[in-house]
Amino acid sequence: MPERTASLTAHRDAVERLIRSYAAIPKGTPPRLAKRTTNLFRFRAPTAAAGLPVRDLDRVLEVDPETRTAEVQGMTTYERLVAATLPYGLMPYVVPQLKTITLGGAVTGLGIESTSFKDGLPHESVEEMEILTGDGRVVVARPDNEHADLFRAFPNSYGTLGYALRLRIRLAPVKPYVRLTHIRFTDADKCMLALQEICERGEHDDGPADFVDGTFFGPDEMYLTVGTFADRAPYTSDYTGMRIYYRSIRSRTRDWLTVHGYLWRWDTDWFWCSRAFGVQHPLVRAFVPRRWLRSDVYRRLVGIDRRLGITARADRWLGRPPRETVIQDIEVPVERGAEFLEFFHRQVGMTPVWMCPLKTTRHWPLYPLAPGRLYVNFGFWGMVPLPPGRQDGYYNRLIEETVHRLDGHKSLYSTSYYDREEFWRLYNGDAYWPVKRAYDPEGRLLDLYEKCVRAR
């Protein structure tokens, strides 16, 4: 109890400092969070505006193993959250795959992983949120109180309705190990049918399917990976050093990881994107410190490249065509998944592609997915040479058009090209604006279109 009291006192002090800083920002100047890391790929011009101090809002306040809940500050990374819950044999219901994604960021933006086929998205295991709203108030939003409208609209609002300061979340029990089974397919239709069957039954080979995701390497080579909790393991693989997880999928049908190793299996190589920095070459990898093999390190390198234009200048110097950055996560219904893969391989041609099934448990106004319907999230991240005569945005616009033709949805953490009218139709402006006017009547925070499409 004394420790909890001290944590809550420190939290209240940090909130008071944040409120004062927010009030001191001149009207007309959009506030920003002074975060150490980011997983967004909407690059904005540098600004001299002071950032809101959130350094003291990055702790786990309490883990209660009896109620299987945790009180967590909004800027807490999942790396820190997992480290606090695993000793109790617990984990968040959905642990996004990159260590420096924050709980508040996943709830207000995108968070997904291989438990999402049964546990939905991170906001679905949130019981309560303390939020600094656009009008400077701090409110506690729950699904059954006077701020239920804010609670429901907060997911996918990307900081345009307010900032999550503290969240109470439910936790799931875990076992020490995860047994992985990699199942190869040479036909996308059969792969999607098998994915649907596994997710609907919740089992594979007469064992529970605790985790399900997949990897597309080409139209005749794709894999579903089913993870099952285990109390014991004959061995455990380590993918934090010389060995690379995504390559193992193609070379073995069975694998064993600790639960910690499983949750962070993608982070060491940022899925497969670390190859752009040369660190998958054995000679390079042997000399790179393990502490540098992390998604946040790679993200900083991308930011430096973006600011200095290193890749674009190298392409011009080498006579290569200009390339478009194609970094997106999209969802389409599972029955349209093979159709999307065929389009993507034919028109874009980037591989690998991550495949992650998800099913939301209830309606969320700004996350327009039908509750109870199985979708597949396809994640693809890289650069693609532009065809002659095409301008930057060609591929991303093509993807947007196709996703919505397939009755899908696109996440907003990266570039978007919608016009205003189309955007508000797709992202439920009718539900967004009443909440925006109620909690940010003077528009101190940017609205969702200005922030996520115009990248202000």
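Residues numbered from 1 in each chain as written. Predicted model: local features only at pLDDT ≥ 70, side-chain atom pairs only at ≥ 80, totals over all residues. Heavy atoms only, no water.

Novice: Please explain the pairing of strand β1 (residues 60-64) as it appears in this structure.
Specialist: The side chains of a regular strand alternate, first on one face of the sheet and then on the other. Where β1 meets strand β2 (residues 69-73), four bridges bridge the pair, whose relative direction is antiparallel. Counterpart to V63 in the pairing with β2 is A70. Linking β1 back to β2 in an antiparallel pair, the connection comprises four residues, with R68 at a positive phi of about 55 degrees. (Pairing = 2+ DSSP bridges. Helix = DSSP H or I, 4+ residues; strand = E, 2+ residues; numbered from the N terminus.)

Novice: What am I meant to see in the sheet that holds strand β7 (residues 177-185) here?
Specialist: Strands pair in a sheet through their backbones, by hydrogen bonds, and they do so in one of two ways: parallel or antiparallel. With antiparallel pairing, eight strands are arranged side by side in an open sheet as β12-β7-β11-β10-β14-β15-β13-β16. The sheet is open, and its two borders are formed by β12 (254-258) and β16 (409-410), each paired with just one other strand. In this structure, strand β10 (residues 211-218) lies alongside strand β14 (residues 353-358), joined through three bridges in antiparallel fashion. Across the sheet, residue G214 finds its bridge partner in β14, namely M355. The sheet strands contacting helix α6 (residues 188-201) are β7, β10, β11 (221-230), β14 and β15 (375-385), and the helix crosses β11 at an angle near 15 degrees. (Contact = heavy atoms within 4.5 Å. Axes fitted to C-alpha atoms, helices over the stretch in contact; angles between N-to-C directions.)

Novice: Explain unusual backbone geometry here, please?
Specialist: Negative phi characterises most residues that are not glycine, and trans characterises most peptide bonds. For the bond from T351 to P352, the omega torsion is -5 degrees, close enough to zero to count as cis. Of note, R68 is a non-glycine position whose phi angle comes to about 55 degrees, a positive value. Take R68: it is sitting in the loop between β1 and β2. Within the chain, D407 stands out as a residue other than glycine whose phi angle is a positive 65 degrees. Secondary-structure assignment places D407 in the loop between α13 (394-405) and β16.

Novice: I'm lost on the nonpolar core in this one. Help?
Specialist: Side chains of nonpolar character tend, in soluble globular proteins, to be buried together. Of all hydrophobic cores here, the largest spans 83 residues; its most connected members are I169 and F423. By residue number, the principal contributor to this core is strand β6 (residues 162-173), which donates four residues. Those residues in contact with I169, other than ones at most four positions away along the chain, are R68, T69, A70, V72, L81, P92, L103, S125 and V126. Core analysis: the next-biggest nonpolar cluster, separate from the first, contains 40 residues, F185, C191, A209 and F340 among them. (Core = buried A, V, L, I, M, F, W, Y, C linked by side-chain atoms within 4.5 Å. Buried < 20%, exposed > 50% of the residue type's maximum accessible area, 1.4 Å probe, protein only.)

Novice: What am I meant to see in the side chain of S416 here?
Specialist: For S416, the location among the structural elements is in the loop between β16 and α14 (420-426). Among the polar contacts made by the side chain of S416, one reaches the side chain of K410 at a distance of 3.2 Å. Not counting chain neighbours up to four residues away, the residues in contact with S416 comprise E400, K410, C452 and V453. (Polar contact = N/O pair within 3.5 Å; in protein donor to acceptor, adjacent residues only side chain to side chain.)

Novice: What is the right way to read the pattern of salt bridges from this model?
Specialist: When the charged atoms of two side chains with opposite charge come close together, those side chains can pair. Taken as a whole and assessed by the stated rule, the structure comprises 34 salt bridges. D144 is the salt-bridge partner of R142, the closest N and O atoms lying 3.9 Å from each other. Across the pair E339 and R405 runs a salt bridge, and its minimum N-O distance is 3.4 Å. Pair noted here: E339 is in helix α12 (residues 337-347) and R405 is in helix α13, with a separation of 66 residues, a long-range link. Among the ionic contacts, a cluster of salt bridges with common partners joins E71, E127, E128, R142, D144, R166 and R168. (Salt bridge = Lys/Arg side-chain N within 4 Å of Asp/Glu carboxyl O.)

Novice: Can you walk me through α12 in this structure?
Specialist: One turn of an α-helix holds 3.6 residues; hence residues three or four places apart share an orientation. Among the residues of α12, G337, A338, F340, L341, F343 and F344 are the ones counted as buried. Packed against the buried residues of α12 are α6, β10, β13 (323-333), β14, β15 and α13. The first or second residue beyond α12 is G349, which carries a positive phi of 80 degrees.

Novice: I keep staring at a nonpolar patch on the surface and nothing clicks. Help me out?
Specialist: Together, L301, I304, L308 and I310 give the surface a local cluster of nonpolar side chains, amounting to about 330 Å² of exposed area. The greatest single-element share of the nonpolar patch, amounting to three residues, is contributed by helix α10 (residues 295-308). Looking at the element boundaries, I304 is found in helix α10. Its relative accessible area of 34% is what places I304 among the partly exposed residues. (Patch = residues over 30% accessible without salt bridge, like charges linked within 9 Å, V, L, I, M, F, W, Y side chains within 5 Å. Areas by Shrake-Rupley, 256 points an atom, 1.4 Å probe, with all protein chains shown as cover.)

Novice: When you look at α10 in this model, what are you seeing that I'm missing?
Specialist: In this model, α10 (14 residues) spans 20 Å end to end at C-alpha, consistent with the 20 Å of a helix rising 1.5 Å per residue. Three or more residues of α10 are buried, namely S295, D296, Y298, R299 and G303. Viewed along the axis of α10, the buried residues span an arc of 155 degrees, placing them on a single side of the element. Just downstream of α10, G309 is the residue with a positive phi angle, here 65 degrees. (Expected span 1.5 Å × (residues − 1). Arc of directions from axis to C-beta.)

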